[in-house]
Amino acid sequence: MISSIIFILLLIAGVTLFTLNIRKVRRNILLGKEIDRANQPKKRLSVMARVALGQSKMVTKPIPALLHIFVYVGFVIINIEVIEMFIDGIFNTHRFLSFTGSFYSFLIASFEILAFLVTLGCVLFLIRRNIIHVKRLISKELNGWPKTDANLILITEILLMSAFFIMNASDAELLVRGNPHYNVAFSNPISQFITPLLTGLSENSLIIIERSCWWFHIVGIIAFLNYLPYSKHFHILLAFPNVYFSNLKPKGEFTNLASVTNEVKAMLDPTYTPPVSVVDGTPEVLRFGAKDVTDLTWKQLLDSYTCTECGRCTEVCPANITGKLLSPRKIMMSTRDRLEEVGRNIDKNKGELKDDGKALFGDYITPEELWACTTCNACVQACPVDIDPLSIIIDIRRYAVMEQSAAPAELNAMFTNTENNGAPWQFSQADRLNWVKE
């Protein structure tokens, strides 16, 4: 009875904390500008099924794709076992789903095989990151916390799977000894190799080991759930909605700025009155492009939280390949870091966002990064969860050009010539066809 009460209190605390974290993330994402991504629901569901569920973009790299499938499928399906553990924890039962008979034995056997594949995948991922040093996994933007975060999650998953195996092995040994509480037979193709290591222990020791592994596994799952919002592994929850709301238009198609469109309409039609956006009773100041995260759309901010930091975007970026400063992965990480900082600003000031003297452009993303981009869309094509770093680069470029006139000298010269001469070249329109005479 005491065990059930402790478990219920732990579960309530875990769910409450997770809810608070999710609310903060949702609030941060909704700081972005509105954008319509509710159209073509059938096509969006199709893209989500292919890209998020089917992981169609992962298979471009067969080895990590296979390992990721091991971890992804195994971890998702094993959560059926976690549901049973929740029921056992609340009602103080033992292996509640065992009423399914032989099917239960099949389930546990399947869980153990999948747990072994998860463990294998995590071990190989650790080797790739820390021993083989795959190039895209050792970039400088991953130094510090990002690298620690990746290793921490992999080690945690290995420990959780190990606890699952030891729990089953202890349970099986207690069944053989005729303990009345541990009276459920099941198939254990992996944990059976651990059981011989436990045969010399007393029954009380086995019960302590089984209960310790049970609590470690369930507490680890609850802790893992609450850790996700602070980790790149948040994509476990956000990948599906992020892909669903992805851009369905052809890659490279630029959006028109509403502020510019309204200016042009007013120039062509003197009777046209541009709409005025009012926020808290005050007319909103129009901005061309994006200076900070609040100037981006909610989808771009969702992108930043969904980034897996896998580096596939940076790996195919022609600017990065040729030694330029630009890394599309770093663009997304910087956007998320700035958004988190803005969120903490709001929390500190009791729900009000106060100017902290910082901005995404300048403090987190430099002009050198922006202007190295060739707008080729290789990063967008490579992302396994349909993140669009290019849209953020373009919006910040727009701000730099249209509000700060901070474009490279070559571009400023082209803009001036186009404005004055109707062409990017430095000669008058009257001389435009002189080349025909040559």
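Residues numbered from 1 in each chain as written. Predicted model: local features only at pLDDT ≥ 70, side-chain atom pairs only at ≥ 80, totals over all residues. Heavy atoms only, no water.

A. Expanded view of the overall build of the chain. Check the secondary structure of the chain and you find 17 helices and two strands. Reported as C-alpha extents along the three principal axes, the dimensions of the chain are approximately 100 × 55 × 40 Å. Residue burial in the chain is summarised as follows: out of 438 residues, 44% are buried. Sequence separation of at least 24 residues holds for 75% of the intrachain contacts in the chain that already meet a minimum separation of 6. (Helix = DSSP H or I, 4+ residues; strand = E, 2+ residues; numbered from the N terminus. Buried < 20%, exposed > 50% of the residue type's maximum accessible area, 1.4 Å probe, protein only. Contact = heavy atoms within 4.5 Å.)

B. Here's a closer look at the layout of surface pockets. Of the pockets and cavities examined, the second largest pocket occupies roughly 1,100 Å³. Residue lining of the second largest pocket: 45 residues in total, with His68, Val71, His233, His235 and Ile236 positioned closest to the centre. When residues of the lining of the second largest pocket are traced back to their parent elements, those giving at least two are helix H1 (2-29), helix H2 (41-53), helix H3 (62-91), helix H4 (102-132), helix H5 (145-176), helix H6 (203-227) and helix H7 (235-244). In terms of residue class, the lining of the second largest pocket is built from 31 nonpolar, eight polar and six charged. (1 Å grid on protein atoms, 1.4 Å probe; cavity = no way out; pocket = protein on both sides within 12 Å on 5 of 7 lines; lining within 4 Å. Points joined across faces, edges and corners; volume = space filled by probe spheres on them. Nonpolar A, V, L, I, M, F, W, Y, C, P; charged D, E, K, R; others polar.)

C. Representation of the state of the cysteines. Tallied over the entire structure, the rule returns zero disulfides. The thiol of Cys307 is not disulfide-bonded; the next cysteine sulfur, from Cys313, is found 6.2 Å away. Considering cysteine sulfurs only, Cys313 is the nearest to Cys379, which forms no disulfide, with 6.4 Å between them. (Disulfide = S-S within 2.5 Å.)

D. Summary view of the nonpolar core. Ranked by size, the top nonpolar core spans 87 residues in total, and within it Met161, Val243, Tyr305, Leu326 and Ile396 carry the most contacts. Excluding anything up to four places from it in sequence, Met161 contacts Phe75, Ile78, Ala115, Val118, Thr119 and His217. (Core = buried A, V, L, I, M, F, W, Y, C linked by side-chain atoms within 4.5 Å.)

E. Spatial organisation of the packing of H2 against H7. Closest axis-to-axis distance for the H2/H7 pair is 8 Å, and the angle between their directions is 140°. The angle between H2 and H7 places the two elements in the oblique class. Of the two possible hands of crossing, H2 and H7 adopt the one that is right-handed. For the pair H2 and H7, the contacting residues are Pro41, Arg44, Leu45, Val47, Met48, Val51, Ala52 and Leu53 in the first and Ala239, Phe240, Val243 and Tyr244 in the second. Of the residues contributing to the contact of H2 with H7, the split by class is eleven nonpolar, no polar and one charged. (Axes fitted to C-alpha atoms, helices over the stretch in contact; angles between N-to-C directions. Parallel < 35°, antiparallel > 145°, perpendicular 65-115°, else oblique. Left-handed = near helix turned anticlockwise from the far one by under 90°.)

F. Layout of unusual backbone geometry. The phi torsion at Glu309 lies on the positive side, around 60°, for a residue other than glycine. By secondary structure assignment, the location of Glu309 is in the loop between helix H9 (298-306) and helix H10 (312-316). Phi at Thr375 takes a positive value of approximately 55°, unusual for a residue other than glycine. Checked against the element boundaries, Thr375 lands in the loop between helix H14 (367-372) and helix H15 (378-382).

G. Layout of the packing of H3 against H4. Put simply, H3 and H4 touch, their axes get as near as 8 Å, and they point 140° apart. One element, H3, and the other, H4, form an angle in the oblique class. Here H3 and H4 pass one another in a crossing that is left-handed. In contact with Pro64, Leu67, His68, Phe70, Val71, Gly74, Phe75, Ile77, Ile78, Ile80, Glu81 and Glu84 of H3, H4 contributes Tyr104, Ile108, Phe111, Leu114, Ala115, Leu117, Val118, Gly121, Cys122, Leu124, Phe125 and Arg128.

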